[in-house]
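Now for the letters of each chain:
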Amino acid sequence: MLKLSSDEHIHDPLADPAPGSRTEVKTTTCYMCACRCGIRVYLRDGEVRYIDGNPEHPINKGVICAKGSSGIMKQHSPARLTQPLLRKSGSERGAGEFEPISWDRALGILTERLAKIRATDPKKFALFTGRDQMQALTGMFARQFGTPNYAAHGGFCSVNMAAGMIYTIGGSFWEFGGPDLDRARLFVMIGTAEDHHSNPLKIALSKFKRSGGRFISINPVRTGYSAIADEWIPIKPGTDGALFMALLHELLRTERIDHAFLKRFTNAPQLVNLESGAEEGTFVFDPAAGPRGDGREPHNKFVWDKHAQRAVPHYVVNGDTRANANHDPDADPALEGEYRLPDGTRVAPAFQLLRERVASYTPEWAAEITGIPALRIKRLAQELADVAFNQAFTLPIAWTDAFGAKHDEVIGRPVAFHAMRGLAAHSNGFQTVRALAVLMSVLGTIDRPGGFLHKAPYPRHIVPNYRTVHSAAQVQPNTPLPAAPLGFPAHPEELALEDDGSPIRIDKGFSWEHPLSAHGVMHNVITNAVKGDPYRLDTLLIFMANMAWNSTMNTMAVRDMLNAKDEQGEYKLPFLVVCDAFQSEMVAFADLVLPDTTYLERHDALSMLDRPISEFDGPCDSVRVPVVAPQGQCRPFQDVLVDLATQLKLPAFLNADGSRKYKDYADLVVRYEHRPGIGFLMGWRGADGSKSIKGEPNPDQWQMYAQNNCVFHYQLPEHMRYMRNWNRDYLDFAMDMAFRQKNDAVQLALYSDVLQFFRLAAQGKTQGRQPPERLRERVARYFDPLPFWYAPLEDEATDRSAYPLNAVTQRPMAMYHSWDSQNAWLRQIHSHNYLFVNPLTARAAGVADGGWAWVESQWGKVRCMVRTSEATEPGTVWTWNAIGKGKGAWKLAPDADESRKGFLLNHLISEELPFGDNGRISNSDPITGQAGWYDVRVRLRPVAAHEAEESSPQVRAAAPLPGVMQGVRDVVRFFAGRKS
Ligand code: SF4
């Protein structure tokens, strides 16, 4: 009998393991957050007893965090689902009444239903996933099924960061690139919490600080990494773009910019047509060198040569020997001025237009918006320039650029930035991120030592050569899509629109509402489907996303929507499938529950076809291998998808004779070839494993990864490690290895003619697709080819005097999303959250430190506990995200702190905003559809004396589910080292 509350020791940590017990150590990749550190898992008699960081792994070099080492408790989580469940006939969704069923029955139900949908209208099936790391497979499944309704979590995470940077410099932060802190002397971190690139960034920051680097943190809140910053500059949420524009103003005003870099490696000198009409604002081009490029190719733009006093090609593609500015040592492209072409067309270099744009964005103007004094903004601009130019250095590395010029050295500009969701999660985030990318470009810090460095397969084309479906005719019954469900539109003709201009996708991604929604608009799927706008779904499969709780805005209304019925008494969302390893709040709403494995129980490929773990010095991928057997009847979702695809006869999953092609996901990873020789994994290819990156499938590839720390790292020769947008040898290599489809240079897009094409369509100046009347003004306003700052859209819909505060969230270091409230160890760090408020703000609102308060937006209200903190900008309140839980979910006791004292800010945020005449539109960035999580405005008031000291709102307690694990008995058994 276990004694849960006695003084008796249940475990002697110093005692020898039982005689005869078997111990072993296996390596794999952590998934307690998305950073993908290498770990060593210590097993005794097949049970996980200890996890530490793998010193041989390039990402974390042995470092482990609290989450990573607590993976053991994920295995013993009381909230684990262990068998497929079917909602009991006649029971209500959300009541949590399920019957256990077999996998055969679960897959039978799903296959029958999906086969009917596929044979009639495939887009009635939608697959949306949370923070999954196998989008190469889930995307392939959706494409093969023939539904455009697929996306992962990026639309509500940081698509603004990805798209804003990729459309400007061809790469972005974190998985795509980052700061070179080995050589930087000044590091500016803005809008970053402590969750992205966690261990690697901690390691790099520690080294950077020890070597005397200066670290400035710009953030409304000083937590996490910012705690060790040399200087904290508080800023108001949603105003970062104003700061960047003012910094650009100062740098251009004082001419502290990298002229040579701008002329040769960016589109700054390229000539923009100033005549009104269909060509207005687009680059003039040479038709003899091909059709007008759309940002991808051909490279047929002109610059104004100041010596020759005429327009000349900026550069020409390989093999074309005509004179051009980047080849002719005498040419000197103009960055300023206005000129006339021989036919009289008025033109100006893009940089001239940028100069005019930033002229009015003075530090004094930005000070009013950001709350940062004008003098500090000026000093920051000086500091950036001083370090970039006065502390510049060179590395003796010879390289050749894409235009044929040989360079003896690589120039280093030791100013590095890092930015993340604090910039992205605003409805002005795309243009804000564009402004940051332009700022980095004028300082010349792109893919240079000490600045921002890409990670393979980046840089991509601007824009990348991936398009999604663009017409209704491309979505056909029983037919795979001719293009991937997600992509990067470069022109209105590439939007996913029906013939009448309405959205093809359920989330309205790639429509005129959010034309560049490269990661989808997941936060609107349920609302749209229930409203039938643009249409109703039949089946929604959600993998690893808690859409009934912390992964959705307007949580209580969305929970109601999941239960909403039509006049016939049928659910408006007819069939909901949830696949998860744990009993999240979402599970209660499922019609069918599929129990997934944990990360320690399955194969995963962190693949170049998806989001690899690449390092600055070369491409890098990694895997997970099962270190323990799955619990109960859990199955990896990947295997389930391969089974389902095979049963549905999706062509890529069948042999030519119609027989099953792949035994399971592990088999598919080894044998699937995206192109000949190119597969999911780069390491140990070729029949005997002797080839890298490219080679025939190797049947022993998994074993070779397992024997090599589950990671493959290809280190580029030194001459290919920098200036990769224009590095001849790297560009050739990248094309050869299928990282890119072409080997042409990636000129930085300070001026985006891609955005201008959308604006011209909205202004009715071009033929072809045009937005509906209600969206014309919106598209014309926000698709500005130059970065600009505008207030978040929610501001326009809010009385700011009534709701004077900004409210934001961030993830804590010890928990990732909602994943860890069932983790017995991590719960000891956080079991509930507080609203953090500056003492001045709390005093003004009459709220005491440690007291209860109401925080209200115009959309909802939350009762929570308050802590005062000087480390919070006075106009901002904030809390940790996803600590608050629904009663009984995650197998927590109904009176657990998480639900009694924890709370979600999501209740205050609407997934839609008023738009036009009584209309509504997604609360998102108008360009990318990125969720505007951090735009909400709130006010604070104390609770009345009679009110309960409990967070509000509360939900009814989730029922215990069949098949979940033993709970506390299992945890105690683990510590006691007992078998049963
Ligand atoms: S940072 Fe993330 S991936 Fe790395 S050990 Fe911690 S939880 Fe695991």
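Here we summarise the structure given alongside this text. In this text the structure is predicted, and so the values were computed from the model without any measurement. Going along each chain's sequence as written, the residues are numbered from 1 onward. Predicted model: local features are reported for residues with pLDDT of at least 70 only, side-chain atom pairs are reported and counted for 80 or more only, and whole-chain, interface and lining totals are derived from all residues. For side-chain calculations, the full set of non-hydrogen atoms in the structure is used, while hydrogens and water are omitted.

**Description of the pairing of strand β34 (residues 912-915)**
The side chains of a regular strand alternate between the sheet's two faces. Our working rule: Strand pairing is assigned whenever DSSP detects at least two bridges linking the two strands. Helix and strand definitions follow DSSP, with helices as H or I runs of at least four residues and strands as E runs of at least two, each counted in order from the N terminus.
Bridge analysis of β34 against strand β35 (residues 919-922) gives 4 bridges, and the strand direction is antiparallel. Bridge pairing in β35 places Leu913 opposite Ile921. Between β34 and β35, which pair antiparallel one after the other, the connecting turn spans 3 residues, and Gly916 there sits at a positive phi close to 65 degrees.

**Section: the side chain of Asp610**
What counts here: In the analysis that follows, any N or O atom pair within 3.5 Å is treated as a polar contact, provided that within protein one partner can donate a hydrogen and the other can accept it, and provided that, for residues neighboring in sequence, both atoms belong to side chains. Residue contacts follow a heavy-atom distance rule, with two residues in contact if any of their heavy atoms lie within 4.5 Å.
Of note, Asp610 is situated in the loop between β26 (604-606) and β27 (620-624). A distance of 2.6 Å separates the side chain of Asp610 from the backbone nitrogen of Gln135, its partner in a polar contact. Excluding residues within four positions of it along the chain, Asp610 makes contact with Gln133, Met134, Gln135 and Ala136.

**A look at empty space enclosed by the protein**
To be explicit about the condition: Lining residues are defined by having an atom within 4 Å of a point belonging to a cavity or pocket. Those points lie on a 1 Å grid over the protein atoms alone, cavities being sets where a 1.4 Å probe fits but cannot get out and pockets being open sets with protein on both sides within 12 Å along at least five of seven lines. Grid points are joined across faces, edges and corners, and a volume is the space filled by probe spheres set on the points. Under the scheme applied here, ten amino acids are nonpolar (Ala, Val, Leu, Ile, Met, Phe, Trp, Tyr, Cys and Pro), four are charged (Asp, Glu, Lys and Arg), and all others, including Gly, are polar.
In total, this model carries 13 cavities of 30 Å³ or more according to the counting rule given. Roughly 320 Å³ of internal volume is contained in the largest cavity. Considering only residue class, the lining of the largest cavity consists of 9 nonpolar, 10 polar and 5 charged.

**Remarks on the environment of His603**
Summarising the element assignment, His603 is placed in the loop between β25 (592-595) and β26. Along the backbone, His603 and Pro636 are 33 residues apart, and their C-alpha atoms lie at a distance of 8.1 Å. Residues in contact with His603, not counting those within four places in the same chain, are Arg624, Val625, Pro626, Gln638, Tyr665, Ala666 and Trp702.

**Here's the deal with the sheet that holds strand β4 (residues 85-87)**
Strands belonging to one sheet form pairs held by backbone hydrogen bonds; the direction of such a pair is parallel or antiparallel. Taken in spatial order, the 7 strands line up as β5-β4-β25-β24-β23-β6-β7 in an open sheet, and their pairing is mixed. Of all the strands in the sheet, the pair left with one neighbour each is β5 (98-100) and β7 (150-151). Alignment of strand β23 (residues 539-543) against strand β24 (residues 575-580), held across 5 bridges, turns out to be parallel. Bridging across to β24, Thr539 finds its partner in Phe575.

**Thoughts on the nonpolar core**
In a soluble, globular protein the nonpolar side chains are often hidden away together inside. Inclusion rule: Working definition of a nonpolar core: buried Ala, Val, Leu, Ile, Met, Phe, Trp, Tyr and Cys residues. They are joined through side-chain atoms within 4.5 Å. Think of it in three bands: residues with accessible area under 20% of the maximum for their type are buried, residues over 50% are exposed, and the middle band is partly exposed, with areas taken using a 1.4 Å probe on protein chains only.
Of all hydrophobic cores here, the largest spans 282 residues; its most connected members are Phe351, Phe417, Leu540, Leu668, Phe739 and Leu835. Per-element accounting of this core gives the leading share, 9 residues, to helix α13 (residues 429-442). In this structure, Phe739 is in contact with Ala456, Pro457, Arg460, Met608, Pro619, Met682, Ile693, Tyr730, Phe733 and Ala734, ignoring residues within four places of it in sequence.

**Describing the packing of aromatic side chains**
What counts is decided by this rule: Think of it this way: a Phe, Tyr or Trp ring, Trp meaning its six-membered ring, pairs with another when their centres are within 6.5 Å, and the plane angle makes it stacked under 30 degrees, edge-to-face over 60, tilted otherwise. Charge-over-ring placement is defined geometrically: NZ (Lys) or CZ (Arg) within 6 Å of the ring centre, and within 35 degrees of the ring normal.
A complete count under the given rule lists 39 aromatic pairs for this structure. For the ring pair Tyr714 and Phe733, a centre distance of 5.6 Å and an interplane angle of 20 degrees mean the geometry is stacked. Taken together, the positions of Tyr714 in the loop between β28 (711-713) and α19 (728-736) and Phe733 in helix α19 put the pair 19 residues apart, joining distant regions of the chain. Counting every residue linked through ring pairs, the aromatic cluster contains Phe261, Phe265, Tyr315, Phe403 and Trp726. We note Arg93 situated over the ring of Tyr571; from NZ or CZ to the ring centre the distance is 4.0 Å. The ring of Tyr535 carries Lys123 above its face, with NZ or CZ at 5.1 Å from the centroid.

**As for the site of the ligand**
Stated precisely, the cut-off is as follows: We call a residue near a molecule or strand when any one of its heavy atoms sits within 4 Å of it.
Every residue near the ligand is listed here: Cys30, Met32, Cys33, Cys35, Arg36, Cys37, Cys65, Lys67, Gly68, Ser198 and Asn199. At the level of secondary structure, the elements contributing two or more residues to the shell around the ligand comprise α1 (66-69) and α6 (198-210). Of the residues contributing to the shell around the ligand, the split by class is 6 nonpolar, 3 polar and 2 charged.

**Some details on the pattern of salt bridges**
For clarity, the threshold we go by: Definition used for salt bridges: Asp or Glu carboxyl oxygen within 4 Å of a side-chain nitrogen of Lys or Arg.
What the rule picks out here adds up to 65 salt bridges. Between Asp604 and Arg624 there is a salt bridge whose closest N-O contact spans 2.8 Å. On the criterion of sequence distance, the pair formed by Asp604 in strand β26 and Arg624 in strand β27 is long-range, its members being 20 residues apart. Neither Asp604 nor Arg624 differs from the other in exposure class; each is buried. For Arg900, the salt bridge goes to Asp897, with nearest N and O atoms at 3.1 Å. With Arg900 and Asp897 both in helix α24 (residues 897-900), this residue pair falls 3 residues apart, about one helical turn. Because the salt bridges share partners, they merge into one network encompassing Arg214, Glu231, Arg376 and Glu383.

**Observations concerning the layout of surface pockets**
Empty space within the largest pocket amounts to approximately 1200 Å³. Residue lining of the largest pocket: 46 residues in total, with Ala136, Tyr466, Ala484, Leu609 and Asp610 positioned closest to the centre. Secondary structure elements with two or more residues in the lining of the largest pocket: α4 (135-145) and α5 (159-169). Class assignment for the residues of the lining of the largest pocket results in 29 nonpolar, 11 polar and 6 charged. There is about 700 Å³ of room inside the second largest pocket. What lines the second largest pocket is a set of 28 residues, and nearest its centre among them are Lys61, Asp180, Asp182, Glu615 and Phe616. Of all the elements in the fold, those that place two or more residues in the lining of the second largest pocket are β8 (177-179) and α6. Looking at which element gives the most residues to the lining of the second largest pocket, the answer is α6, with 5 residues.

**Looking at the pairing of β24**
Selection criterion: If the strands point away from the viewer and the path from the first strand over the helix to the second runs clockwise, then the crossover is right-handed.
Across the 6 residues of β24, 6 count as buried, placing the element largely inside the fold. Taking every second residue as pointing to the same face, both faces of β24 are buried, with Phe575, Val577 and Cys579 on one and Leu576, Val578 and Asp580 on the other. The parallel pair β23 and β24, bridged by helix α15 (residues 555-562), forms a crossover whose chirality is right-handed. Sheet analysis places β24 next to β25, joined by 4 bridges and oriented parallel. The partner of Cys579 across the bridge, within β25, is Leu594.

**Let's talk about unusual backbone geometry**
The bulk of non-glycine residues show a negative phi, and the bulk of peptide bonds are trans. The amide bond that connects Ile462 to the next residue, Val463, takes the cis arrangement and shows omega of 0 degrees. Relative to the helices and strands, Val463 resides in the loop between β22 (452-454) and α14 (525-531). With an omega of 5 degrees, the peptide bond running from Ser952 to Pro953 counts as cis. Relative to the elements of secondary structure, Pro953 occurs in the loop between β36 (937-942) and α25 (968-976). The backbone phi angle of Met723 is positive, close to 50 degrees, even though this residue is not glycine. Looking at the secondary structure, you find Met723 in the loop between β28 and α19. Residue classification places Met723 among the buried residues on the basis of a relative accessible area of 2%. You will see that Asn918, though not glycine, has its phi angle at about 65 degrees, which is positive. In this fold, Asn918 is placed in the loop between β34 and β35. Overall, Asn918 belongs to the exposed group, its relative accessible area being 79%.

**Comments concerning the packing of helix α7 (residues 240-253) against helix α11 (residues 374-390)**
The condition is simple: Only the stretch in contact is used when a helix axis is fitted, and all axes are lines through C-alpha atoms; the angle between N-to-C directions ranges over 0 to 180 degrees. Crossings are sorted by hand: turned counterclockwise from the far helix by less than a right angle, the near helix makes the crossing left-handed, and turned clockwise it makes it right-handed.
Two numbers describe how α7 lies on α11: the axes approach to 9 Å, and their chain directions differ by 65 degrees. Crossing angle aside, the handedness with which α7 passes α11 is right-handed. Taking contact as the criterion, the partners of Leu243, Ala246, Leu247, Glu250 and Leu251 in α7 are, on α11, Ile377, Lys378, Leu380, Ala381, Leu384 and Ala385. Among the residues forming the contact of α7 with α11, the class breakdown is 9 nonpolar, no polar and 2 charged.

**A few points about helix α10 (residues 363-370)**
Defined as follows: The directions from the helix axis to the C-beta atoms form the arc being described.
Inspection of α10 places Pro363, Ala366, Ile369 and Thr370 among the buried residues, and these make up the whole buried set. Relative to the axis of α10, the buried residues are bounded by an arc of 120 degrees and lie together on one face. If you follow the buried residues of α10, they end up packed against α7 and α11. Phi for Gly371, located one or two positions after α10, is positive at around 85 degrees.

**Thoughts on the sheet that holds strand β3 (residues 47-53)**
With antiparallel pairing, 3 strands are arranged side by side in an open sheet as β1-β2-β3. Each edge of the sheet is formed by a strand with only one pairing partner; in this case those strands are β1 (23-29) and β3. Neighbouring strand axes in the sheet, compared pairwise and without regard to direction, differ in orientation by 25 degrees on average. Bridging between strand β2 (residues 38-44) and β3 involves 6 bridges; their strand directions are antiparallel.

**Topic: helix α9 (residues 350-358)**
The buried fraction of α9 amounts to 7 of the 9 residues, a majority that puts the element mostly inside the structure. Three or more residues of α9 are buried, namely Ala350, Phe351, Gln352, Leu353, Leu354, Arg355 and Val358. In the core, the buried residues of α9 are packed alongside α7, α8 (259-265), β12 (271-273), β16 (346-349) and α13.

Note that every value here comes from positions in space, so none of it alone points to a role or purpose.
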